[in-house]
Amino acid sequence: MDCQCQEKVSVPIYTGIDKDRFLQDIYPLRTPAVLRGISLGPCTERWTVDYLSEKGGTTEVKIHVSAVPQMDFLRKNFLYRSLPFSVFVKRAAEERHSEYFISEEESYYLRSLGQDSRREAADIQKQFPGLAEDFCIPEFFEAERFFSSVFRISSRGLQLWTHYDVMDNLLAQVTGRKRVVLFSPRDAQHLYLSGDKSEVLDIDNPDLGRYPGFVKAQRHECILEPGDLLFIPALWFHNTLALEFGVGVNVFWRHLPPECYDKNDPYGNKDPVAASRAMQVLERALRTLEELPPEYRDFYARRMVLHIQSRAFNPQPSEVPKEQGSDADGMAEDHRTTTPNSPLSLPD
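Residues numbered from 1 in each chain as written. Predicted model: local features only at pLDDT ≥ 70, side-chain atom pairs only at ≥ 80, totals over all residues. Heavy atoms only, no water.

Asks: Describe the overall build of the protein chain, and please don't skip the residues or the numbers.
Replies: Along the backbone of the protein chain there are eight helices and 16 strands. Across the 348 residues that make up the protein chain, the buried fraction comes to 46%. (Helix = DSSP H or I, 4+ residues; strand = E, 2+ residues; numbered from the N terminus. Buried < 20%, exposed > 50% of the residue type's maximum accessible area, 1.4 Å probe, protein only.)

Asks: An account of the environment of Glu142 is requested, with residue identities and associated values reported.
Replies: Looking at the element boundaries, Glu142 is found in the loop between α6 (129–132) and β7 (146–154). Sequence spacing of Glu142 and Arg254 is 112 residues, and the spatial spacing of their C-alpha atoms is 9.5 Å.

Asks: Please give an account of the layout of surface pockets that cites residues and values.
Replies: Empty space within the second largest pocket amounts to approximately 670 Å³. Tyr109, Arg111, Arg152, Trp161 and Tyr267 are, among the 32 residues lining the second largest pocket, the residues nearest its centre. When contributions to the lining of the second largest pocket are tallied by element, the ones reaching two or more residues are β4 (60–66), β6 (107–111), β7, β8 (159–163), β9 (168–175), β15 (237–242) and β16 (246–253). (1 Å grid on protein atoms, 1.4 Å probe; cavity = no way out; pocket = protein on both sides within 12 Å on 5 of 7 lines; lining within 4 Å. Points joined across faces, edges and corners; volume = space filled by probe spheres on them.)

Asks: Can you tell me about the packing of aromatic side chains, naming the residues and giving the values?
Replies: Evaluation of the coordinates by the stated rule reveals 21 aromatic pairs. Judged by centre distance (5.3 Å) and plane angle (85 degrees), the ring pair of Phe22 and Phe231 falls under edge-to-face. Here the residue Phe22 occupies a position in helix α1 (residues 19–26), and Phe231 occupies one in strand β14 (residues 228–232), the gap between them amounting to 209 residues. Each member of the pair, Phe22 as well as Phe231, is classed as buried. (Phe/Tyr/Trp six-rings, centres within 6.5 Å; stacked < 30°, edge-to-face > 60°.)

Asks: Which residues make up the nonpolar core, and what values go with them?
Replies: Generally speaking, a soluble globular protein has its nonpolar side chains buried in company with each other. Within the largest apolar cluster, 42 residues are counted, with the highest numbers of intra-cluster contacts made by Leu35, Trp47, Phe85, Phe88, Phe135, Phe151 and Ile153. Not counting the four nearest positions on each side in its chain, Phe88 is found in contact with Val61, Ile63, Leu83, Tyr108, Tyr109, Leu110 and Ile153. (Core = buried A, V, L, I, M, F, W, Y, C linked by side-chain atoms within 4.5 Å. Contact = heavy atoms within 4.5 Å.)

Asks: Please give an account of the sheet that holds β9 that cites residues and values.
Replies: What the nine strands build is an open sheet, ordered β2-β3-β14-β9-β16-β7-β6-β4-β5; its pairing is mixed. Of all strands in the sheet, those bounded by a partner on one side alone are β2 (13–15) and β5 (78–84). Strand-to-strand, the axes of this sheet are offset by a mean angle of 25 degrees, without reference to chain direction. Pairing between strand β3 (residues 33–36) and β14: three bridges, direction antiparallel. Paired with Ala33 across the strands is Phe231, a residue of β14. (Pairing = 2+ DSSP bridges. Axes fitted to C-alpha atoms, helices over the stretch in contact; angles between N-to-C directions.)

Asks: Any details on the environment of Tyr192? Residues and values, ideally.
Replies: Residue position: Tyr192 is located in the loop between β10 (178–183) and β11 (193–194). When the C-alpha positions of Tyr192 and Phe214 are compared, they lie 7.8 Å apart, and in sequence the two are 22 residues distant. Every residue in contact with Tyr192, bar those within four places of it in the chain, is listed here: Lys197, Ser198, Glu199, Val200, Arg210, Tyr211, Pro212, Gly213 and Phe214. Of the polar contacts made by the side chain of Tyr192, one reaches the backbone nitrogen of Gly213; its length is 2.7 Å. (Polar contact = N/O pair within 3.5 Å; in protein donor to acceptor, adjacent residues only side chain to side chain.)

Asks: Outline empty space enclosed by the protein, listing residues and values.
Replies: On inspection of all chains with the given rule, the structure shows two cavities of 30 Å³ or more. For the second largest cavity, the calculated volume is near 30 Å³. Lining the second largest cavity are Asp72, Phe73, Leu74, Trp161, Lys197, Ser198, Glu199, Val200 and Leu201. Residues belonging to the lining of the second largest cavity are distributed by class as follows: five nonpolar, one polar and three charged. (Nonpolar A, V, L, I, M, F, W, Y, C, P; charged D, E, K, R; others polar.)

Asks: Describe the pattern of salt bridges, naming the residues involved and giving the relevant values.
Replies: Tallied over the entire structure, the rule returns 20 salt bridges. One salt bridge in this structure joins Arg219 and Glu221, with 2.8 Å as the shortest N-O distance. Bridged by salt links that share partners, the residues Lys8, Arg179, Asp204, Arg219 and Glu221 form one connected network. (Salt bridge = Lys/Arg side-chain N within 4 Å of Asp/Glu carboxyl O.)

In structure tokens:
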């Protein structure tokens with residue numbers, strides 16, 4: 001059950017899309033989009049539990065294990081454990097477990113890592129070459145911009161925390177159904193951020209006493225069917241819920257010049273170098289304000305907010321395009337009109 005107090009927008013669904021149409025009609029909008037009917041290769045037919053177990057073999061994989069399906073990265077309500085891949089897949093597909101780490105109903109999640117997870121990005125072709133033969137990476141970006149392909153497997157009911165990534169990506173839902181809820185970067189002020197993650201863990205039944213502003217964040221939602229692709233633009237917050245045992249692949253690419261990214265970031269989730277520097281400068285400025293009496297600190301903090309707002313906020317008129325036609329010729333099935341967020345308000 002979703003949060004009834006929030007404005008809800010359906011993510012548009014496009015069919016009959018090729019690279020040219022994606023780059024011309026979808027990518028420039030910088031909003032999420034479901035791409036349906038694009039071939040991902042034989043993986044959509046082959047990747048059963050038995051096939052995955054056989055092809056993936058006994059390679060040890062590091063996994064998340066949680067007693068509850070709603071995983072919380074900030075409070076770390078899960079354990080890191082290792083299992084042979086073939087054993088992990090079978091456990092993740094089970095409703096109840098005869099062998100377990102915490103409980104019979106524990107949930108499992110795999111996010112593939114590079115061979116040296118501290119230096120190398122995930123690449124399904126390197127970590128799971130036998131399975132990679134079945135998966136076709138959609139050629140919607142230039143090959144030299146490729147950053148990583150992250151193999152993911154989730155137990156039914158597993159829900160991942162709301163967070164953003166700094167690179168564009170395509171989420172390929174190979175098997176199983178998945179709900180994805182997204183929030184615009186412009187709603188960041190309503191998401192109670194801790195780093196790149198939202199503190200609001202239960203987005204369907206939020207604690208509005210603790211997070212009253214969360215209701216102001218517009219909720220973009222879609223259900224991914226097997227074979228669907230979801231375009232998630234950089235900086236869009238997303239929260240995933242596995243409606244069934246599911247397998248997917250995230251493909252990330254660098255859409256900014258290479259020098260914008262932190263070179264020591266194998267996960268691809270560190271803020272751009274310039275953004276990190278700006279945040280450090282801001283922290284120093286805030287510490288300097290602490291030297292002032294409260295009423296002066298409040299006054300100059302407000303001036304700083306207004307200055308940032310006038311200098312740095314993007315004044316684009318809207319975030320979601322107006323309603324367009326049907327999907328008969330590759331257009332979206334559903335577009336909604338929305339208004340931009342009001343300027344950042346100052347507390348009274």
